[in-house]
Amino acid sequence: MKVSTAEFVKSAFKESDWPLDLKPEIAFLGRSNVGKSSLINSLLSVRGLARTSSTPGRTQSLNFFSINDRFRFVDLPGFGYARVPQDIRSTWGEMVTSYLAKRRQLVLSIQIVDSRHEPTKQDLQLHEWLEHSNKPRLLVATKSDKLSNNELRKNLEHIGSVLEDDSILAYSAKTGRGRDELWRAIKSAIS
Ligand code: GTP
Ligand code: MG
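All values reported here derive from a predicted model rather than from experimental measurement. (Residues numbered from 1 in each chain as written. Chains lettered and ligands numbered in written order. Predicted model: local features only at pLDDT ≥ 70, side-chain atom pairs only at ≥ 80, totals over all residues. Heavy atoms only, no water.)

**Considerations on the overall build of the chain**
(1) Moving on: Looking only at helices and strands, the chain has 5 helices and 7 strands in total.
(2) Moving on: Reading the secondary structure of the chain in the N-to-C direction produces β-β-α-β-β-α-β-α-β-α-β-α.
(3) Moving on: Residues counted as buried form 47% of the 191 residues belonging to the chain.
(4) Moving on: Partitioning the intrachain contacts of the chain with sequence separation of at least 6 by distance along the chain shows that 75% fall at a separation of at least 24.
(5) Moving on: Only carbon and sulfur atoms are counted for the fraction: they give 48% of the accessible area of the chain, which is about 9,900 Å². (Helix = DSSP H or I, 4+ residues; strand = E, 2+ residues; numbered from the N terminus. Buried < 20%, exposed > 50% of the residue type's maximum accessible area, 1.4 Å probe, protein only. Contact = heavy atoms within 4.5 Å. Areas by Shrake-Rupley, 256 points an atom, 1.4 Å probe, with all protein chains shown as cover.)

Written out as structure tokens, the structure is:
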């Protein structure tokens, strides 16, 4: 995919802030600090468009990015981070689940897990939720650069068996591993 333009559109804290037009959207989901924003930046080959941080809980609203004026990426807030203030935490689930349930423009949900770690209860819940929603979804295991090939293979197998998903895409925002494959999936979802 040739990315000619990638622009931040807006942050939305409530439904009335969501963009109104019907351009297709790809959502990026996963627990806090898993690497959602980094993955978006690496796909777009830009630094700092989606804000990243070593402090979990950085992204606290729905962030919309317009690509080539044709489709959008949606960086969703990460779940499972206890230090996010209570009022934000209680709106988190609501914000994300209502987006996933209601958004007609949503053509692909990309669930991101950490290739190094045992899936959490919330990873499992989200995975089930997406499965039952019957909309296109894709499971991506990121930070693969932090593992040897052997460890990665073992971990992908394990994550796949825990989540009962036999197609996991290994990714690295650092090396670009998996980038072409992920773009192929995105292209087919928006076409
Ligand atoms: P929240 O917005 O808090 O939910 O986090 P996030 O999921 O957007 O994570 P973010 O992209 O901010 O990345 C968190 C940390 O992981 C940062 O320090 C990144 O540099 C690091 N990171 C993300 N992806 C990778 C990767 O593929 N490889 C390596 N080595 N580090 C990564
Ligand atoms: Mg983020």
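**Side note on the packing of aromatic side chains**
(1) Moving on: In total, this model carries 7 aromatic pairs according to the counting rule given.
(2) Moving on: For the ring pair Phe71 and Trp183, a centre distance of 6.3 Å and an interplane angle of 80 degrees mean the geometry is edge-to-face. Of this pair, Phe71 sits in strand β4 (residues 71-75) while Trp183 sits in helix α5 (residues 179-190), and the two are 112 residues apart along the sequence. The burial state of Phe71 is the same as that of Trp183; both residues are buried. (Phe/Tyr/Trp six-rings, centres within 6.5 Å; stacked < 30°, edge-to-face > 60°.)

**A short note on the sheet that holds β4**
Strands belonging to one sheet form pairs held by backbone hydrogen bonds; the direction of such a pair is parallel or antiparallel.
(1) Moving on: Taking strand neighbours across the sheet as the criterion, the 7 strands line up as β1-β3-β4-β2-β5-β6-β7 in an open arrangement whose pairing is mixed. Both outer strands of the open sheet, β1 (6-12) and β7 (168-170), are each paired with one neighbouring strand and no more. Adjacent strand axes in the sheet meet at a mean angle of 25 degrees when their direction is disregarded.
(2) Moving on: Relative to strand β5 (residues 106-114), strand β2 (residues 25-30) runs parallel, the two being bridged by 6 bridges. Counted as the bridge partner of Leu29 is Gln111 from β5. (Pairing = 2+ DSSP bridges. Axes fitted to C-alpha atoms, helices over the stretch in contact; angles between N-to-C directions.)

**Comments concerning the packing of helix α1 (residues 36-44) against α5**
(1) Moving on: Interhelical geometry of α1 versus α5 gives an angle of 90 degrees and a closest axis separation of 10 Å. It follows from the interaxial angle that α1 and α5 lie roughly perpendicular. Touching Leu39, Ser42, Leu43 and Leu44 of α1 are Arg179, Leu182, Trp183 and Ile186, all from α5.
(2) Moving on: Looking at side-chain class alone, the contact of α1 with α5 contains 6 nonpolar, 1 polar and 1 charged residues. (Parallel < 35°, antiparallel > 145°, perpendicular 65-115°, else oblique. Nonpolar A, V, L, I, M, F, W, Y, C, P; charged D, E, K, R; others polar.)

**Quick look at the pairing of β4**
(1) Moving on: Where burial is concerned, most of β4 is hidden: 5 out of the 5 residues are buried.
(2) Moving on: What you see with β4 is no split at all: Phe71, Phe73 and Asp75 on one side and Arg72 and Val74 on the other are buried throughout.
(3) Moving on: Where β2 and β4 come together, 4 bridges link them in parallel fashion. From the neighbouring strand, Phe28 faces β4, where its bridge partner is Asp75.
(4) Moving on: Note that strand β3 (residues 62-67) and β4 share 5 bridges and pair antiparallel. Bridge pairing links Phe65 to Phe73 in β4.
(5) Moving on: The turn joining β3 and β4, which pair antiparallel and follow one another in sequence, is formed by 3 residues; a positive phi near 50 degrees is taken by Asn68.

**Looking at helix α4 (residues 149-163)**
(1) Moving on: End to end, α4 covers 21 Å across 15 residues, agreeing with the expected 21 Å (1.5 Å per residue, within 8%).
(2) Moving on: Phi for Glu164, located one or two positions after α4, is positive at around 50 degrees. (Expected span 1.5 Å × (residues − 1).)

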